[in-house]
Amino acid sequence: MKLVILGGGPAGLYSALLIKKTNPLHDITIIERNAADVTYGWGVVFSDRTLASFQRADNKTYEQITNHFVIWDAIDVYYRDQKISCGGHVISSISRKSLLNILQRRCHELDININFSCEIHELAELGDYDLLIAADGLNSIVRKMYESSFKPSLEYGKARYIWLGANKVLDAFSFIFRENEHGLFQVHSYPFNGTTSTFIIECDEASWLKAGLDKADETQSLAYCQQLLADNLDGATLLSNNSKWISFPTLKTQHWHYKNIVLLGDAIHTAHFSIGSGTKLAMEDSIALASALEQHTDLETALNEYELERKPVVEIFQKAASDSQAYFETLKRYLNFDPMQFTFNLLTRSGRITYDDLRLRDPRFGDMVDRWNAQKASSMLNTTAGFHPERSEGSVGTPPPLFTPIVTLSTAKGLVAPPPLFTPIRLRNVQLSNRAVLSPLSTCAAQNGLPGEAYTQQLRSAALSGVGLVGTEHVAISPEGRITPEDVGIYNANHIEVWKQIVDFIHSQTPAKVAIQLNHAGRRGSTRPRVQGLDRPLHDDNWPLLSASSTPFTPSSQVPKEMDRVDMDDVREDFVRAAQRSLEADFDILQLNFAHGYLLASLISPLSNLRSDEYGGDLEHRMRFPLDIFDAVRAVWPQDQPTSVTISASDCSRGGFEVDDAVIVAKMFKEHGCDIIAVAAGQTSIDSEPAYGRGFLTPFSDRIRNEAGILTMVGGYLTTSDEVNTIIAAGRADLCIMDPPQLNDLYMATQVP
């Protein structure tokens, strides 16, 4: 087979030698626009897992590459003039030029033709070929020529960065964070040979402009960065290689091959440099393509196999890279964090590394994280007592005094500090023994709003499991506020005693506290029980529905009445009475559901609030009635007991409520006395498409907590202590709603004697 490879970077060279190895009869030509000794960039990073695949693919290049490696296992973080180190991260690096030389020599050994300094403008210049491999990078002429078939998308990042070197040998991968009069700059630096290290300097657009770097040439940029990092360079000199300030381009491609043309490496995909995977992904593409061509004689089958194998893997890496990129682009929200929490947050930013991973890699660092959590909470306890409404403001990185964690386990020498999950926390005067929350969702019918025995037992079992907080499912504030006829409620005096018995049992038998979640279904009401399907209207015995506007939730749903002022007054009084009854039932925390398309959520979302009066229009007006409800409830709820609001951080639908809006809304509730936001997403309309998955709500919680400066409670299919420890230690939430597989099973009821 005659193959032409366009692009002589690592992807093109490595694919050529691997394909030639499988069949020496292949006629392979590589065409590279640059000269053999020209390369841009500095060092290339590989993990130990990647190296194992290199060894299997071609041991000779593996040995030559590893012989040139600089290897380290520590990550150093320089923040607020402190250095915090975490070991166990086995990473290797090599200069890009050395890597290219190794691959070039191996190609020559295998009689592969390499044409350097050959610029191709039209594919017709390539002549005949059986397979064209386009490894010609981000600006691939092949991909652009067949754009309608490959269907690429390109999105540029919000930050600016410049890729430099330095004649300084680092002994670890180093993150450096520097602030000056122009803003915040972060540095990603690592060694790659015995004399030189890579220094990637990044900043947001505002800092870049304020520093005048938009007008600076290469020499001026180098001088600016030299001065910025003088304290970290220790007299070393920064180096440039056609270095420019650019925004990172993330490339995704829908189809990876077309007829007898296939894309490879950066011609198909890019992943942000902060997870160091660009060259790794390109060379792994080469391994997969060579393997597919060896296994399948039919070219179309081989190219399909290559794409099917690699595309899901690349998408996972791109998601992790996107999360990491977003972290660095919004880093300022974490600048109030203490150095230890800042470092932990940084190391776990992409989701690929967790609390348990770090404890396994470096137990010393894991102990430091635990001690920081415990000691910080203990020190705050020593300076705070009781409920102080005048202290409602607190830093983003540490909870405000009203929510001071309380550490009961001594951290003196010789004793072990508890993991973050088991760090107690106080919401006003309600102390929770740990950060775990369980909220069973019963499939057992309630009778006239009264919780049945099975659901009662589920709540008791949840409390006996040892969690700090037990939450109820949606509790209707009125018969008209039910979702289904089988919903539990607290809309008459008979309900109080049953709920009180449940709460009293939990209080007497466990240290757990109990939260009641009050709800009005709005336009999602008058439906069949959930076991019969979601949002399916009742056949008969319907009740009238209310909503922000007279738009049904689904095409088959009942048309709700657009609330007038009288309706609003009635609903507000129903919430107030429900809050008073909740107090009589001895609930510890009052939670209001303003999410998932129910009544109050319908006021907040622009998708469901189509009003033209003072309760519709912009966000401030759409929030008037929800805030009116909250204020009325807060007024009758004791000042020393906390309130919570559940909000949809995003409608997950085009034109809907987004997380930027959620941050504003969370600030509003905080100003009105809300203590903690419970984070939800989607279900505002039937068109919503949340990206469901493990921890999918955590990024929303992170933004709300650290931009609005309010505590958050987050769920999203969290099932392990590792997930909770990671979220809490990183400051992405303060309470975690666990979702173990057996939570809603009836067997939970058998756990109570």
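Reading the values: rules and limits
Residues numbered from 1 in each chain as written. Predicted model: local features only at pLDDT ≥ 70, side-chain atom pairs only at ≥ 80, totals over all residues. Heavy atoms only, no water. Helix = DSSP H or I, 4+ residues; strand = E, 2+ residues; numbered from the N terminus. Rg over C-alpha atoms; globule rule 2.2 N^0.38 Å. Buried < 20%, exposed > 50% of the residue type's maximum accessible area, 1.4 Å probe, protein only. Contact = heavy atoms within 4.5 Å. Pairing = 2+ DSSP bridges. Right-handed = clockwise from strand over helix to strand, strands pointing away. Lys, Arg positive; Asp, Glu negative; His and termini not counted. Salt bridge = Lys/Arg side-chain N within 4 Å of Asp/Glu carboxyl O. Polar contact = N/O pair within 3.5 Å; in protein donor to acceptor, adjacent residues only side chain to side chain. Axes fitted to C-alpha atoms, helices over the stretch in contact; angles between N-to-C directions. Parallel < 35°, antiparallel > 145°, perpendicular 65-115°, else oblique. Left-handed = near helix turned anticlockwise from the far one by under 90°. Nonpolar A, V, L, I, M, F, W, Y, C, P; charged D, E, K, R; others polar. pLDDT = per-residue confidence, 0-100. Core = buried A, V, L, I, M, F, W, Y, C linked by side-chain atoms within 4.5 Å. Disulfide = S-S within 2.5 Å.

Trainee: A description of the overall build of the protein chain should follow, citing residues and the corresponding values.
Mentor: When helices and strands are counted, the protein chain shows 23 helices and 30 strands. Computed over its C-alpha atoms, the radius of gyration of the protein chain comes to 30 Å, within 12% of the 27 Å expected for a compact globule of 753 residues. Reported as C-alpha extents along the three principal axes, the dimensions of the protein chain are approximately 90 × 60 × 55 Å. Taken across its 753 residues, the protein chain has 59% of its residues classed as buried. Here the analysis covers contacts within the protein chain between residues at least 6 apart in sequence; of these, 71% occur between residues at least 24 apart.

Trainee: So, the pairing of strand 22 (residues 469-476): which residues are in play, and what are the values?
Mentor: Consecutive side chains along a regular strand alternate between the two faces of the sheet. Within strand 22, seven of the eight residues are buried, leaving the element largely enclosed by the surrounding structure. Across six bridges, strand 22 lies against strand 23 (residues 513-519) in parallel orientation. Across the sheet, the residue bridging to G471 is A515, located in strand 23. As for the winding sense of the linkage, the β-α-β connection from strand 22 through helix 16 (residues 493-509) to strand 23 is right-handed.

Trainee: Account for the side chain of R581, naming residues and giving values.
Mentor: For R581, the position within the fold is in helix 17 (residues 565-584). Of the buried charged residues, R581 lacks a salt bridge, with E584 as the closest side chain of opposite charge at 6.0 Å. At 3.3 Å, the side chain of R581 forms a polar contact with the backbone oxygen of Y491. Setting aside chain neighbours within four positions, we find R581 in contact with I490, Y491, N492, A493 and I496.

Trainee: Give a detailed account of the packing of helix 1 (residues 10-22) against helix 4 (residues 96-109), specifying residues and quantitative values.
Mentor: Across the interface, helix 1 lies against helix 4 with an axial gap of 9 Å and an inter-helix angle of 30°. Overall, the two elements helix 1 and helix 4 adopt an arrangement that is roughly parallel. Once helix 1 is placed against helix 4, the crossing between them reads as left-handed. For the pair helix 1 and helix 4, contact is made by P10, L13, Y14, A16, L17 and K21 and by R96, L99, L100, L103, Q104, R106 and C107, respectively. Here the residues of the contact of helix 1 with helix 4 sort into nine nonpolar, one polar and three charged.

Trainee: Give me the confidence of the model for the protein chain: which residues, what numbers.
Mentor: Per-residue confidence for the protein chain averages 89 on the pLDDT scale, and 93% of its residues sit at or above 70. Every residue in residues 383-413 is under pLDDT 50, and counting partners more than four places away or in other chains gives 84 contacts. Note that pLDDT drops below 50 for residues 746-753; the model gives that stretch 20 contacts with residues more than four away or on any other chain.

Trainee: Outline the nonpolar core, listing residues and values.
Mentor: Formed by 80 residues in total, the largest nonpolar core has its most connected members in W499, L518, F669, I677 and I704. Sort the elements by how many residues they give to this core and helix 21 (residues 659-671) lands first, with seven residues. Look past the residues within four positions of I677 in its chain and what remains in contact with it is V645, I647, A666, F669, I704, I710, L711, T712 and M713. Grouped together as the second largest cluster of nonpolar side chains are 65 residues, A16, L263, M283 and Y306 included.

Trainee: Tell me what's going on with the side chain of S549, and back it up with residues and numbers.
Mentor: Relative to the assigned elements, S549 resides in the loop between strand 24 (546-547) and strand 25 (561-562). According to the relative accessible area criterion, S549 is buried, its value standing at 3%. At a separation of 3.4 Å, a polar atom in the side chain of S549 contacts the main-chain carbonyl oxygen of S608. In terms of polar contacts, S549 uses its side chain to reach the backbone amide nitrogen of L610, at 2.8 Å.

Trainee: How would you explain the state of the cysteines if you had to name every residue and give the values?
Mentor: A disulfide bridge is the covalent bond that connects two cysteines by way of their sulfur atoms. Summed over the entire model, instances satisfying the criterion amount to zero disulfides. Left without a disulfide partner, C107 is nearest to the cysteine sulfur of C118, which lies 16 Å away. According to the relative accessible area criterion, C107 is buried, its value standing at 0%. C652 takes part in no disulfide bond, and the closest cysteine sulfur, belonging to C736, lies 19 Å away. Classification of C652 as buried rests on a relative accessible area of 18%.

Trainee: An account of the sheet that holds strand 3 (residues 43-47) is requested, with residue identities and associated values reported.
Mentor: Taken together, three strands build an open sheet; the order of strands is 3-7-4 and the sheet is antiparallel. The open sheet has two free edges, formed respectively by strand 3 and strand 4 (70-72), since each of these has just one partner strand. Averaged over all pairs of adjacent strands, the angle between their axes in this sheet comes to 25°, without regard to strand direction. Here three bridges tie strand 4 to strand 7 (residues 91-95), and the two strands are oriented antiparallel to one another. Looking at the pairing, W72 lines up with I91 of strand 7. In the packing of helix 2 (residues 48-57) onto the sheet, the strands contacted are strand 3 and strand 7, and the crossing angle to strand 3 comes to about 90°. Across the sheet, helix 4 lies against strand 3 and strand 7, angled at about 80° from strand 7, the strand it touches most.

Trainee: Could you give an account of the pattern of salt bridges, naming the residues involved and the relevant values?
Mentor: Pairing between side chains of opposite charge can happen when their charged atoms approach one another. Scanning all chains against the criterion turns up 39 salt bridges. Salt-bridge contacts for E119 lead to R33; the nearest nitrogen and oxygen are separated by 3.5 Å. Within this pair, whereas E119 is found in the loop between strand 8 (113-115) and strand 9 (131-134), its partner R33 is found in the loop between strand 2 (27-31) and strand 3, the two being separated by 86 residues in sequence. You can call R33 exposed: its relative accessible area is 53%. The partner of R178 in a salt bridge is D231, with the nearest N and O atoms 3.3 Å apart. Taken as a pair, R178 in strand 12 (residues 173-180) and D231 in helix 9 (residues 230-233) lie far apart in primary sequence, 53 residues in all. A relative accessible area of 58% means that D231 is categorised as exposed.

Trainee: Describe the environment of A211, listing the residues and the values that go with them.
Mentor: By the secondary structure assignment, A211 is in the loop between helix 7 (205-210) and helix 8 (218-228). A211 sits 88 residues away from L299 along the chain, and the two C-alpha atoms are 53 Å apart. Look past the residues within four positions of A211 in its chain and what remains in contact with it is H182, F185 and Y224.

Trainee: Residue-level account of the sheet that holds strand 5 (residues 75-79), with values.
Mentor: Think of a sheet as strands paired side by side through backbone hydrogen bonds, with each pair either parallel or antiparallel. Overall, mixed pairing links the seven strands, which are arranged 6-5-12-13-14-11-15 in an open sheet. At either margin of the open sheet sits one strand with a lone partner, and together these are strand 6 (82-86) and strand 15 (238-239). Where strand 5 and strand 6 come together, five bridges link them in antiparallel fashion. Considered in strand 6, the bridge of Y79 is made with Q82.

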